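Structural characterization, general
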Amino acid sequence: MLKLKNSYNVIGVMSGTSLDGIDICFTNFSYNDKGWKYLIRKAETIYYENLWRSKLQDAHNLSKHKLEELDFEYTSYVSEIILHFISKNQINDIDFISSHGHTIFHEPNKNITYQIGNRVELNQFTKIPVVCDFRVQDIRLGGQGAPLVPVGDLLLFKEYTHCINLGGFSNISVKSNNNIIAYDICPVNIVLNKYSRLIGLDYDSSGKISQSGKINDNLLNSLNEISFYNLKHPKSLGVEWLENKLFPIIDSFDNSIEDILRTFVEHIAIQISIHLKGNNLKILATGGGVKNKFLMDRIKIVSNQKFETISEDITDFKEALIFGFLGVLKIRNENNCLKSVTGAYKDHSSGIIFE
């Protein structure tokens, strides 16, 4: 049985929808009368090879049996990556692993969410206690099962009024009077990377390709009219939504890749700016999209706001860090899912423990 204490050494593991790789973040979390603190000790991204990227990209089309096989294979793969990370960095004081897994299905309105890599074998292969599978319980309690990071925004990044993550999707946490709401805004890297790959690039480095394109006003208007953007929170996005709603709109226009990317960058900037109204906002921006200079320039101009970054570790590994923190809260039986964020009927402590 994992002990209750005021200091934990945790390996947080996160795989995002943009399919760039697996983020691993070894962090110490400590608690005193002033609240929680974190110290990142080691962090690394293990980039997916093309074979794994292809497997994950097509996983939602698999039969139930084939998906279960992939789940086991992926769990084994993640176990090997974690063990290599531990060995390479000579880590010997781990309390537990806290893993998000990789999302294959997320349709909360149908009570569906499924992340592979959350199997008991992760504990069996690594011989380390594991906390995982954070979304399912929230769905059962009537919530969206997402976003899950905001409890970390509330407790670890108190000084910011807004926390924005620019990952596969963009999401935002908005704080006031020690309360928080959060929701997905729009897709980001999952779309930009998809169209970049059509011209042989894994991603659009610094936004150079999108910057060379032209905005298609008709496409931009069609994207901005998507009904999801008018929904009130709580709300979250999944890959199924992209395939059913967004990609058909983009592909119905005869545009060059450069023009698609340029138009979509503008779409991202417009959608994010809608959620950043007011003066004296203190905004923390993280995620891979922060490194897309052209994208960030457009967001700053359209929103007329300033954005802060803390360090490259936080820019790259904030989500893996916070999934480690979700595990700490679960071990302590403290709430890590907030009803104000997900829409569940109560705050709760979500996740499964294997030890």
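Residues numbered from 1 in each chain as written. Predicted model: local features only at pLDDT ≥ 70, side-chain atom pairs only at ≥ 80, totals over all residues. Heavy atoms only, no water.

**Quick notes on the pairing of strand β9 (residues 169-176)**
Looking along a regular strand, one sees side chains alternate from face to face of the sheet. By the criterion of burial, β9 is predominantly enclosed, with six of the eight residues buried. Sheet topology places strand β8 (residues 162-166) next to β9; five bridges connect them, and they run antiparallel. Bridge pairing in β9 links leucine 166 to serine 170. In this structure, β9 lies alongside strand β10 (residues 179-187), joined through eight bridges in antiparallel fashion. Bridged to isoleucine 172 within β10 is tyrosine 183. Counting the residues that bridge the hairpin from β9 to β10 gives two residues, and of these asparagine 177 lies at a positive phi of roughly 50 degrees. (Buried < 20%, exposed > 50% of the residue type's maximum accessible area, 1.4 Å probe, protein only. Helix = DSSP H or I, 4+ residues; strand = E, 2+ residues; numbered from the N terminus. Pairing = 2+ DSSP bridges.)

**Some details on the sheet that holds strand β12 (residues 352-354)**
The strand order across the open sheet built from six strands is β3-β2-β1-β4-β7-β12, with neighbouring strands paired in mixed fashion. The sheet is open, and its two borders are formed by β3 (35-47) and β12, each paired with just one other strand. Put simply, the sheet's adjacent strands are angled 20 degrees from each other on average, direction ignored. In the sheet, strand β2 (residues 21-32) pairs with β3 via twelve bridges, with the strands oriented antiparallel. From the neighbouring strand, asparagine 32 faces β3, where its bridge partner is glycine 35. Together, β1 (7-15), β2, β3 and β4 (96-99) form the strand contacts of helix α2 (residues 64-88), whose direction differs from that of β2 by roughly 60 degrees. Contacts from helix α12 (residues 312-331) reach β1, β2, β3, β4, β7 (130-132) and β12 within the one sheet, and its direction differs from that of β2 by about 55 degrees. (Axes fitted to C-alpha atoms, helices over the stretch in contact; angles between N-to-C directions. Contact = heavy atoms within 4.5 Å.)

**Some details on the packing of aromatic side chains**
On inspection of all chains with the given rule, the structure shows 15 aromatic pairs. Considering the side-chain rings of tyrosine 38 and phenylalanine 157, the 5.4 Å spacing of their centres and the 40 degrees angle between planes classify their relative orientation as tilted. Placement of tyrosine 38 in strand β3 and of phenylalanine 157 in the loop between α5 (150-156) and β8 is noted, with a sequence separation of 119 residues between them. Overall, the relative accessible area of 25% leaves tyrosine 38 in the partly exposed class. Ring geometry for tryptophan 52 and tyrosine 77: centres 4.7 Å apart, planes at 20 degrees, overall stacked. (Phe/Tyr/Trp six-rings, centres within 6.5 Å; stacked < 30°, edge-to-face > 60°.)

Interpretation in functional terms is not warranted from these geometric data alone.
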